Amino acid sequence: MHVLLGLLGAVVTILYLLDRLGIDLGGLNPFYWRRRRAWAKQYHGDPIHSVEDPIQVAALLIVGAAKLNGDLTAEQKQTAIAQFEETFSLNSREASELLTSATHLLGAPQVIDTQLEGLIARHKDRFTPDQAASIMLMIARVTSADGEPSEQQNEFIADLRSHLRFAETKEGPWAE
């Protein structure tokens, strides 16, 4: 027993001296390490994964579908803002901010496909059938604002249609 007490006393003395020398011992705490790791994953991760609001997710899907061909055209931007105002019951400033944030979150055109696939997989069950139908309607309007949608956009729309459960009959603002 006295050997165990002597050993524990030596460990405590060494840890105290290391702390006094300025060596950070916080990394030895498993709770601190887990919190730091979670923060690092969140900080270095894709910000699109932190979006939870259904309106923001819908805006990301709409803007993402339009950006599959490259940058948004002026007609697509105006159509998207008009659709956000009409469907989400936003004023023009809020609709413009929603478009800007969605455009910023989507980032580089090289990764839009994977971002949208992950977004669909995470949020496909969060929409009611009416909301899913209005998303599909808005995507169709925005992608065809300056002509026919491209083959890549049509493939994305078909993929989205297969993942979402929706009713094709109603159109209207989002109540939630």
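Residues numbered from 1 in each chain as written. Predicted model: local features only at pLDDT ≥ 70, side-chain atom pairs only at ≥ 80, totals over all residues. Heavy atoms only, no water.

Looking at the nonpolar core
Moving on, step 1. In terms of nonpolar packing, the biggest core is built from 38 residues, with L61, F84, I139, F156 and L160 touching the most fellow members.
Moving on, step 2. The element that contributes the greatest number of residues to this core is helix α3 (residues 54-67), accounting for ten residues.
Moving on, step 3. Excluding residues that lie within four positions of it along the chain, I139 makes contacts with L61, I62, A65, F156, I157 and L160. (Core = buried A, V, L, I, M, F, W, Y, C linked by side-chain atoms within 4.5 Å. Buried < 20%, exposed > 50% of the residue type's maximum accessible area, 1.4 Å probe, protein only. Helix = DSSP H or I, 4+ residues; strand = E, 2+ residues; numbered from the N terminus. Contact = heavy atoms within 4.5 Å.)

Description of the confidence of the model for the chain
Moving on, step 1. Across the chain, the average pLDDT comes to 86, with 93% of residues at or above 70.
Moving on, step 2. The least confident element of the chain, judged by mean pLDDT, is helix α6 (residues 112-123) at 82; the most confident is helix α4 (residues 74-88) at 93. (pLDDT = per-residue confidence, 0-100.)

Comments concerning the side chain of Q76
Moving on, step 1. For Q76, the location among the structural elements is in helix α4.
Moving on, step 2. In terms of polar contacts, Q76 uses its side chain to reach the backbone amide nitrogen of T73, at 3.1 Å.
Moving on, step 3. In contact with Q76, other than residues within four places in its own chain, are A66, D71, V142, T143, A145, D146 and Q153. (Polar contact = N/O pair within 3.5 Å; in protein donor to acceptor, adjacent residues only side chain to side chain.)

Regarding the packing of aromatic side chains
Aromatic ring pairs are described here by two measures, namely the spacing of the ring centres and the angle between the planes.
Moving on, step 1. In the structure shown here, the tally under the stated rule is two aromatic pairs.
Moving on, step 2. Measuring from ring centre to ring centre gives 5.6 Å for F84 and F88, while their planes differ by 20 degrees; the resulting arrangement is stacked. Here F88 and F84 lie together in helix α4, a separation of four residues that amounts to about one turn.
Moving on, step 3. Here F88 falls in the buried class, since its relative accessible area comes to 5%. (Phe/Tyr/Trp six-rings, centres within 6.5 Å; stacked < 30°, edge-to-face > 60°.)

Observations concerning empty space enclosed by the protein
Moving on, step 1. Under the defined criterion, the tally for this structure stands at one cavity of 30 Å³ or more.
Moving on, step 2. If you trace the largest cavity, you find it lined by V57, L61, L119, I120, H123, K124, F127, L160 and L164.
Moving on, step 3. Looking at the lining of the largest cavity element by element, the count peaks at three residues for α6.
Moving on, step 4. Residues of the lining of the largest cavity, tallied by class, amount to seven nonpolar, one polar and one charged. (1 Å grid on protein atoms, 1.4 Å probe; cavity = no way out; pocket = protein on both sides within 12 Å on 5 of 7 lines; lining within 4 Å. Points joined across faces, edges and corners; volume = space filled by probe spheres on them. Nonpolar A, V, L, I, M, F, W, Y, C, P; charged D, E, K, R; others polar.)

Observations regarding the pattern of salt bridges
Oppositely charged side chains can form a pair if their charged atoms are brought close together.
Moving on, step 1. With the rule as written, the count across this model stands at four salt bridges.
Moving on, step 2. Put simply, E52 and R122 hold a salt bridge, and the shortest N to O gap is 3.0 Å. Within this pair, whereas E52 is found in the loop between α2 (30-44) and α3, its partner R122 is found in helix α6, the two being separated by 70 residues in sequence.
Moving on, step 3. Residue R122 is classed as partly exposed on the basis of its relative accessible area of 37%.
Moving on, step 4. With its nearest N and O atoms 2.9 Å apart, the salt bridge here joins R126 to E52. One end of the pair, R126, is in the loop between α6 and α7 (129-143); the other, E52, is in the loop between α2 and α3, with 74 residues separating them in the sequence.
Moving on, step 5. Taken together, the shared-partner salt bridges connect E52, R122 and R126 into one network. (Salt bridge = Lys/Arg side-chain N within 4 Å of Asp/Glu carboxyl O.)

Notes on unusual backbone geometry
For residues that are not glycine, phi is negative in most cases, and the peptide bond is trans in most cases.
Moving on, step 1. The backbone of S89 shows a phi angle near 55 degrees, a positive value even though the residue is not glycine.
Moving on, step 2. Position of S89 relative to the elements: it lies in the loop between α4 and α5 (92-106).
Moving on, step 3. Owing to a relative accessible area of 52%, S89 belongs among the exposed residues under this scheme.

Quick notes on the packing of α3 against α4
Moving on, step 1. Contact pair α3 / α4: the axes reach a minimum separation of 11 Å and the direction vectors enclose 155 degrees. Classified by the interaxial angle, the pair formed by α3 and α4 is roughly antiparallel. α4 is crossed by α3, and the crossing has right-handed handedness. Of α4, the residues touching α3 (which contributes I55, A58, A59, I62, V63 and A66) are Q76, F84 and F88.
Moving on, step 2. Considered class by class, the residues forming the contact of α3 with α4 number eight nonpolar, one polar and no charged. (Axes fitted to C-alpha atoms, helices over the stretch in contact; angles between N-to-C directions. Parallel < 35°, antiparallel > 145°, perpendicular 65-115°, else oblique. Left-handed = near helix turned anticlockwise from the far one by under 90°.)

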